Amino acid sequence: MVPMANENKLATAMGAARLLTEARDFIKDQKHWIKASLYSGIEGGDAEVSLASASRVCAIGGVMKVANLGIKDYNDIATDCHAEAFEALQTLANVIQGRARHYESGFWQWAADVHAFNDAGNTSHAEVIGAFDKAVERQCAVVRDLAAQTGKPTDGQKDHAS
C-alpha cells in the first residue's frame, strides 16, 4: 500500500506544474509581463485593479493570478499562499538559482530570489519565460517520479509541459 502522504505530494506537485504552465502561458505574451510591480492594469494604470483582473503581472504575480489568490501585495503572499502555489514558486526560485536549494527560512528567501530576477534591469522577458520553461520541466519530472511511486496515472500519463 502506498502511503497517503505520497498521494498528497502527487496532488500538490501536479497542481504546481499546472500553475507554472498557466502562469508561463499568460506572461508568454510580453504585453502581460511587468517589472517593478506585482500586477497592474493596462499600461500600469488603474490602482484599483485586482490581481484577478490584472492584465500585467510579474513572475510571482503570474503564479498568484492563475492560483486565484486574492492577494493585494507581497505581504499577502506569505499568508495566503497555498501548497501548490508555494511549491510552484519554490521550483521557480530553484531554477533561477541554478540548483536545487532547500530554503530554510521559507517564503521570503525564495520569493526575494524570484522578485529580484524578474525586476533586475538586465533580465529580459525571454529569460523569464526560459526560467518558467525550466521550472515546468523540473516540476513535471517531480510529478512523474511521484506518479511512479504511487502507481497513479497523471492526466493519462501525458507530460505536463505541453
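As the structure is a computational prediction, the values presented were derived from the model and not from experiment. (Residues numbered from 1 in each chain as written. Predicted model: local features only at pLDDT ≥ 70, side-chain atom pairs only at ≥ 80, totals over all residues. Heavy atoms only, no water.)

Participant: Please clarify how the overall build of the chain should be interpreted in this entry.
Facilitator: On a plain count of helices and strands, the chain comes out with 6 helices and 2 strands. Secondary structure elements in the chain, listed N-terminal to C-terminal, are α-β-β-α-α-α-α-α. Sorting the 162 residues of the chain into buried and exposed places 45% on the buried side. Intrachain contacts of the chain at a sequence separation of at least 6 include 62% that bridge at least 24 residues. Looking at the chain as shown, the accessible area adds up to about 8200 Å², and 52% of this sits on carbon and sulfur atoms. (Helix = DSSP H or I, 4+ residues; strand = E, 2+ residues; numbered from the N terminus. Buried < 20%, exposed > 50% of the residue type's maximum accessible area, 1.4 Å probe, protein only. Contact = heavy atoms within 4.5 Å. Areas by Shrake-Rupley, 256 points an atom, 1.4 Å probe, with all protein chains shown as cover.)

Participant: Would you mind showing me how to read the pattern of salt bridges here?
Facilitator: As a working rule, side chains carrying opposite charge can pair if their charged atoms are close by. Taken as a whole, this structure holds 5 salt bridges when the rule is applied. With a shortest N-O distance of 3.2 Å, Arg-24 and Asp-133 are connected by a salt bridge. Pair noted here: Arg-24 is in helix α1 (residues 4-27) and Asp-133 is in helix α6 (residues 125-150), with a separation of 109 residues, a long-range link. As a salt-bridge pair, Asp-29 and Lys-31 come within 3.9 Å of each other at their nearest N and O atoms. (Salt bridge = Lys/Arg side-chain N within 4 Å of Asp/Glu carboxyl O.)

Participant: Looking at this model, I keep getting lost on the nonpolar core. Mind explaining?
Facilitator: Across soluble globular proteins, nonpolar side chains have a tendency to be buried as a group. If you look at the biggest cluster of nonpolar residues, it comprises 43 residues, and the most contacted ones within it are Ile-60, Val-63, Met-64, Leu-92 and Phe-132. Mapped by element, the contributors of at least two residues to this core are α1, α2 (59-66), α4 (83-97), α5 (107-119) and α6. Counting residues per element, this core draws most heavily on α6, at 10 residues. (Core = buried A, V, L, I, M, F, W, Y, C linked by side-chain atoms within 4.5 Å.)

Participant: How should the packing of α4 against α6 be read in this particular structure?
Facilitator: In the contact formed by α4 and α6, the axes pass within 9 Å of each other and the chain directions differ by 120°. Relative to α6, the element α4 lies oblique. As for how α4 packs across α6, the hand of that crossing is right-handed. In this structure, α4 contributes Glu-87, Thr-91, Leu-92, Asn-94, Val-95 and Ile-96 to the contact, and α6 contributes Ala-131, Phe-132, Lys-134, Ala-135, Arg-138, Gln-139 and Val-142. (Axes fitted to C-alpha atoms, helices over the stretch in contact; angles between N-to-C directions. Parallel < 35°, antiparallel > 145°, perpendicular 65-115°, else oblique. Left-handed = near helix turned anticlockwise from the far one by under 90°.)

Participant: Explain the packing of aromatic side chains to me, please; I cannot follow it from the model alone.
Facilitator: Geometrically, a pair of aromatic rings is defined through the distance of the ring centres and the angle of the planes. What the rule picks out here adds up to 0 aromatic pairs. Lys-65 extends its terminal NZ or CZ atom over the ring of Phe-26, reaching a point 5.2 Å from the ring centre. (Phe/Tyr/Trp six-rings, centres within 6.5 Å; stacked < 30°, edge-to-face > 60°. Lys NZ or Arg CZ within 6 Å of the ring centre and 35° of its normal.)

Taken by themselves, the reported measurements are silent on function.
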